[in-house]
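# An overview of the molecular structure
Residue strings, one per chain:
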Amino acid sequence: MRREATVARRRVVATAAPADLAGLRRRFPAQGDRDAVVLDFLEDDLAETRGSLSEVSRYLDDVEAALGDAGTDRGRLLGLALGRGPLEQLEYLSGVVQNLRRRLVQVSARMGR
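Now for a quick tour of the structure. Note that residues are indexed from 1 along each chain, following the sequence as it is written. In keeping with the model being predicted, local features are shown solely for residues with a pLDDT of at least 70 and side-chain atom pairs are shown and tallied solely at 80 or more, while totals for entire chains, interfaces and linings include all residues. Where side-chain values are given, they derive from all heavy atoms of the structure, hydrogens and water being excluded.

With that settled, the discussion passes to the overall build of the chain. Numbering goes from the N terminus for both helices and strands, where a helix is a DSSP run of H or I of at least four residues and a strand is a run of E of at least two. Check the secondary structure of the chain and you find five helices and zero strands. Each helix and strand of the chain, placed in order from N terminus to C terminus, yields the pattern α-α-α-α-α. Relative accessibility decides the category of a residue: with a 1.4 Å probe and only protein chains considered, values under 20% of the type maximum give buried, values over 50% give exposed, and everything between is partly exposed. Classification of the 113 residues of the chain by burial places 23% in the buried group. Across the chain, the fraction of contacts at a sequence separation of at least 24, relative to all contacts at a separation of at least 6, is 74%. Here the chain has roughly 8000 Å² of accessible surface; of this, 57% comes from carbon and sulfur atoms. When checking whether two residues touch, look at their non-hydrogen atoms; a contact exists if any pair is within 4.5 Å. Using a 1.4 Å probe, accessible areas were evaluated by the Shrake-Rupley method; residue-level cover was limited to the displayed protein chains.

Judged by nonpolar contacts, Leu21, Leu24, Phe28, Val38, Leu39, Leu42, Leu100 and Val107 together constitute the single largest core of eight residues. Secondary-structure elements contributing two or more residues to this core are helix H3 (33-68) and helix H5 (87-111). In contact with Leu24, other than residues within four places in its own chain, are Leu39, Leu42, Val107 and Met111. The criterion is simple. A nonpolar core is a set of buried Ala, Val, Leu, Ile, Met, Phe, Trp, Tyr and Cys residues joined through side-chain atoms within 4.5 Å.

As a further point, take the packing of H3 against H5. At their nearest, the axes of H3 and H5 sit 9 Å apart, and the two run at 150 degrees to each other. As far as their axial angle goes, H5 and H3 are roughly antiparallel. The handedness of the crossing between H3 and H5 is left-handed. Per-class residue counts for the contact of H3 with H5 are 15 nonpolar, five polar and seven charged. Here an axis means a line fitted to C-alpha atoms, over the contact stretch when the element is a helix, while the angle between two N-to-C directions is reported on a 0 to 180 degree scale. Here roughly perpendicular refers to angles of 65 to 115 degrees, roughly parallel to angles under 35, roughly antiparallel to angles over 145, and oblique to all remaining angles. Two helices that cross are described as forming a left-handed crossing if the nearer one is turned anticlockwise from the farther one by less than a right angle, and a right-handed crossing if clockwise. For this classification, the nonpolar set comprises Ala, Val, Leu, Ile, Met, Phe, Trp, Tyr, Cys and Pro, the charged set comprises Asp, Glu, Lys and Arg, and every other residue, Gly included, is treated as polar.

Let's shift gears to the packing of H3 against helix H4 (residues 74-82). It is at 10 Å that the axes of H3 and H4 come closest, and there the two elements cross at 160 degrees. By the angle between their directions, the pair H3 and H4 is classed as roughly antiparallel. Crossing of H3 against H4: the hand is left-handed. Residue-level inspection shows Tyr59, Asp62, Val63, Ala65, Ala66 and Leu67 of H3 in contact with H4, the latter providing Arg76, Leu77 and Leu80. The residue makeup of the contact of H3 with H4, split by class, is seven nonpolar, no polar and two charged.

Any carboxyl oxygen of Asp or Glu that lies within 4 Å of a side-chain nitrogen of Lys or Arg is treated as forming a salt bridge with it. The full count for this structure, using the stated rule, is three salt bridges. One salt bridge connects Arg76 with Asp69, and the closest N-O pair in it is separated by 2.9 Å.

Relative to the helices and strands, Ser52 resides in helix H3. Leaving out residues up to four positions away in the same chain, Ser52 has contacts with Gln89, Tyr92 and Leu93.

Looking at where Tyr92 falls in the secondary structure, it is placed in helix H5. Overall, Tyr92 belongs to the partly exposed group, its relative accessible area being 39%. Remark: the alpha-carbon pair of Tyr92 and Ser52, spanning 40 residues in sequence, is separated by 7.6 Å. Aside from chain neighbours lying at most four places away, what touches Tyr92 is Glu48 and Ser52.

Printed below as a string of structure tokens:
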């Protein structure tokens, strides 16, 4: 049962559609490129956030698979604990989420015009 939930989560992450900001883009007047650039950065931040979360999710899937496998040995667990892991990805995710929040503030400020 646990593996089915893991597979379903991975499928949702892998098939998530990129953000569609067309409605938001229509809301801004075409007074210059500044708004378009901010929205482009917002799209990029969303994509980077999604990608980072996907990497962390894959790591958790690997850990769950190892723990659920009766044949898992010490080396496999140590490899997961000491090798490839989510720490760098989580640090990157933190920065990307900060950028995302900053962009949301920029967009909200432009809506007040």
